[in-house]
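# Structural overview
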Amino acid sequence: MTDQEKSTLRSVTPPTIDPAAWEDFQGFRESFLAHFTRPEDNTTLRHLGRLLYEFILETAGTMPDPPESATRTETRAALADLRHLEGFLGAIGAEHKDASLAPEDARLSGLSEGWSLHARELGDRIEAELAGGGA
């Protein structure tokens, strides 16, 4: 595809998510969906994610129980997503070292480096609670 053809395509930007509406964004991580910039592709994957989420909610009673309580299992899942976010922000934070960026992008890259450290600290706190808590 030529640059001219690319410039005529529409693109999509990741949404701003209200934490109170987190269940409306189940399925795939936004850091994954951001790579699907054609609106129809992005919408299709969001629809698939919603269908999978609704399916698992409907069939949850047919699945074996998790090895730990639902709260501990969900907390471990949140921790896994947080560790992904830590690494993702760390990669963004390294961009200003590896490439020449526009000043505003270099600033965001530098900030992302710090945000990655905050995510690590939070993840470490969650891990400590999970390790010290009862089953």
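It should be noted that the structure appears before, not after, this text.
Structure report, in brief. (Residues numbered from 1 in each chain as written. Predicted model: local features only at pLDDT ≥ 70, side-chain atom pairs only at ≥ 80, totals over all residues. Heavy atoms only, no water.)

## Points about the packing of aromatic side chains
The final tally for this structure, using the stated rule, is two aromatic pairs. Aromatic rings pair up to connect Phe28, Phe32 and Phe36 into one cluster. (Phe/Tyr/Trp six-rings, centres within 6.5 Å; stacked < 30°, edge-to-face > 60°.)

## A word on the environment of Ser11
With respect to the helices and strands, the residue Ser11 is situated in the loop between helix 1 (3-7) and helix 2 (30-33). Looking at Ser11, the relative accessible area reads 54%, which means it is exposed. For the pair Ser11 and Asn42, spaced 31 residues apart in the sequence, the C-alpha separation amounts to 9.5 Å. Non-local contacts of Ser11, meaning those with residues more than four positions away in its chain, are made with Thr37 and Pro39. (Helix = DSSP H or I, 4+ residues; strand = E, 2+ residues; numbered from the N terminus. Buried < 20%, exposed > 50% of the residue type's maximum accessible area, 1.4 Å probe, protein only. Contact = heavy atoms within 4.5 Å.)

## Topic: the pattern of salt bridges
By the definition in use, this model includes 11 salt bridges. The salt bridge partner of Asp41 is Arg38, with a shortest N-O separation of 4.0 Å. Assessed through its relative accessible area of 31%, Asp41 is described here as partly exposed. Several salt bridges share partner residues, and in doing so they unite Arg83, Glu86, Arg120, Asp124 and Glu127 into one network. (Salt bridge = Lys/Arg side-chain N within 4 Å of Asp/Glu carboxyl O.)

## Remarks on the side chain of Ser112
Position of Ser112 relative to the elements: it lies in helix 5 (residues 103-132). Given a relative accessible area of 4%, Ser112 falls into the buried group.

## Quick word on the side chain of Asn42
Its location among the elements puts Asn42 in helix 3 (residues 39-59). With a relative accessible area of 4%, Asn42 lands in the buried category.

## Topic: a negative patch on the surface
A cluster of like negative charges, contributed by Glu95, Asp98, Glu104 and Asp105, occupies part of the molecular surface. Listed by contribution, the elements that provide at least two residues to the negative patch are helix 4 (70-98) and helix 5. Its place among the elements puts Glu104 in helix 5. (Patch = residues over 30% accessible without salt bridge, like charges linked within 9 Å, V, L, I, M, F, W, Y side chains within 5 Å. Areas by Shrake-Rupley, 256 points an atom, 1.4 Å probe, with all protein chains shown as cover. Lys, Arg positive; Asp, Glu negative; His and termini not counted. Charge placed at Lys NZ, Arg CZ, Asp CG, Glu CD.)

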